[in-house]
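Tertiary structure, described
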Amino acid sequence: MFLLYKLFGQLLMPLALGLLLALAATSRWPARQARPVLLVVLAGLWLLSLPVVARQLLRLVDDRVPLTPVASLPQADAVVVLSGDFPRRELCALHLRHSGKAPVVLFSGRMFEGDILRLRQLLAMTGLGAEQVRFEQASRTTSEGGGAFAALAAKEGWRRVLLVSSAYHLPRALARYRTPGIEVIGAVCPELRLPDRAVMARRPLEERVGDWIPTADGLSSASTASRELLGLLVPRR
């Protein structure tokens, strides 16, 4: 089931979906009839590969969760940080912990072996003991992570947690980690947000011009935005 879930999600991403449409058109129709479909696919992939377009798509989810100063966040029973984008999410969670916002940090979701090693080195440098850290590394998706979190929170007796993830991922994560009887609050550090529009406008001219040139990173960002937007439409499993 997990494999089918991941494969289906990948097939809905811009590149795979565009290639499937192009293949279907060329295999079923004569060249003259297939040409408009191919042009639409190429134009769509071109647009989605533009960094300026991909960034605007990411802002559709990135801007959903406001940036809250650490001092304004309430006290919680734990800080829950979702794996990915290492080490920025982890550093944000540890900053909240050392600011006194919660006594415990839960690292949720599978991590690459190299990231696990670096995380343990980071924890050793911060001096956090075993009683202040929890690990949940069995979950492979955000939905699975939400289920594992609910079980652990009930066991620990948590009633309020601060959820840390990249800003573009947090709306979907909040929907998956929402648990009856537990207040789950999104916590976004500045480094986990897209750069401010005013900051982007002050970049050197060559960088702003480069925003209008298709790149693989642009298409990757557009795919990330598509996955997050589609994920908001899928009910919690």
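Everything in this summary refers to the structure shown in the same document. Predicted model, so just to flag it, every value in this text is computed and none were measured.

Focus: the overall build of the protein chain
Assigned secondary structure in the protein chain consists of 11 helices and 5 strands. For the protein chain, the spread of C-alpha atoms along the three principal axes comes to 65 × 45 × 30 Å. Going through the 237 residues of the protein chain one by one, you find that 41% of them count as buried. Taking as baseline every contact in the protein chain between residues at least 6 positions apart, the subset at least 24 positions apart corresponds to 76%. For the protein chain, the exposed surface amounts to about 13100 Å²; the carbon and sulfur share of it is 64%.

Focus on the environment of valine 52
With respect to the helices and strands, valine 52 occurs in helix H4 (residues 51-62). In the structure, valine 52 is positioned 49 residues away from lysine 101 in sequence and 36 Å away in space, judged by C-alpha atoms. Not counting chain neighbours up to four residues away, the residues in contact with valine 52 comprise Asp211 and Trp212.

Some details on H4
With 12 residues, H4 should reach 16 Å at 1.5 Å per residue; the first-to-last C-alpha distance of 15 Å fits that figure. Restricting attention to buried positions, one finds in H4 the residues Pro51, Val52, Ala54, Arg55, Leu58, Arg59, Val61 and Asp62. Projected onto a plane normal to the axis of H4, the buried residues spread over an arc of 165° and lie on a single side. Residues of H4 that are buried sit in contact with helix H3 (31-48), helix H8 (170-177), helix H9 (197-201), helix H10 (205-210) and helix H11 (216-233).

A closer look at the state of the cysteines
In this structure the tally under the stated criterion is 1 disulfide. Across the disulfide from cysteine 92 sits cysteine 189; the S-S distance is 1.9 Å. The disulfide joining cysteine 92 to cysteine 189 has a torsion of about 80° about its S-S bond and is therefore right-handed. In this pair, cysteine 92 is assigned in helix H5 (residues 88-98) and cysteine 189 in the loop between strand S5 (183-187) and H9, connecting sequence segments 97 residues apart. Exposure class is identical for cysteine 92 and cysteine 189. Each is buried.

A short note on the environment of aspartate 63
Assignment of secondary structure puts aspartate 63 in the loop between H4 and strand S1 (78-82). Setting aside anything within four residues of it in sequence, one finds aspartate 63 in contact with Arg193 and Arg197. Polar side-chain contacts of aspartate 63 include one of 3.5 Å to the side chain of arginine 197.

Side note on the packing of aromatic side chains
Per the counting criterion, the structure on display carries 2 aromatic pairs. Seen from their ring centres, phenylalanine 107 and phenylalanine 135 are 5.5 Å apart, and the 20° between their planes marks the pair as stacked. On the criterion of sequence distance, the pair formed by phenylalanine 107 in strand S2 (residues 105-108) and phenylalanine 135 in strand S3 (residues 133-136) is long-range, its members being 28 residues apart. The exposure class of phenylalanine 107 is buried, given its relative accessible area of 3%. Arranged with centres 5.5 Å apart and planes meeting at 40°, the rings of phenylalanine 149 and tyrosine 177 form a pair that is tilted. Of this pair, phenylalanine 149 sits in helix H7 (residues 142-156) while tyrosine 177 sits in helix H8, and the two are 28 residues apart along the sequence. Of note, arginine 120 hangs over the ring of phenylalanine 135, and the distance from its end group to the ring centre comes to 5.0 Å.

Cut-offs and rules
- The written sequence of each chain sets the order in which its residues are numbered from 1.
- Residue-level local features of this predicted model are given only where pLDDT is at least 70; pairs of side-chain atoms are given and counted only at 80 or more, and the full residue set underlies all totals for whole chains, interfaces and linings.
- Hydrogen atoms and water are omitted, and side-chain values are computed over all heavy atoms in the structure.
- Numbering of helices and strands runs from the N terminus, with a helix taken as a DSSP run of H or I at least four residues long and a strand as a DSSP run of E at least two residues long.
- Throughout this description, buried means an accessible area under 20% of the type-specific maximum (1.4 Å probe, protein chains only), exposed means over 50%, and partly exposed covers the range between.
- Whether two residues are in contact is decided by their heavy atoms, any of which lying within 4.5 Å being enough.
- Methods summary: accessible areas were calculated by the Shrake-Rupley approach with a probe of 1.4 Å, and residue burial reflects only the protein chains presented.
- Expected span, for any helix, means 1.5 Å times one less than how many residues it has.
- Comment: arc refers to directions from the helix axis out to C-beta atoms.
- A pair of cysteine sulfur atoms is labelled a disulfide when the two atoms are within 2.5 Å.
- Residues adjacent in sequence count toward polar contacts only when both atoms are side-chain atoms; beyond that, a polar contact is any pair of N or O atoms within 3.5 Å, and within protein one must be able to donate a hydrogen and the other to accept it.
- Between rings of Phe, Tyr and Trp, where Trp is taken as its six-membered ring, a pair exists when centres lie within 6.5 Å; planes separated by under 30 degrees are stacked, by over 60 edge-to-face, and by other angles tilted.
- The criterion is that NZ of a Lys, or CZ of an Arg, lies within 6 Å of the ring centre and within 35 degrees of the ring normal, and then a charge sits over that ring.

Read these as spatial facts, not as claims about activity.
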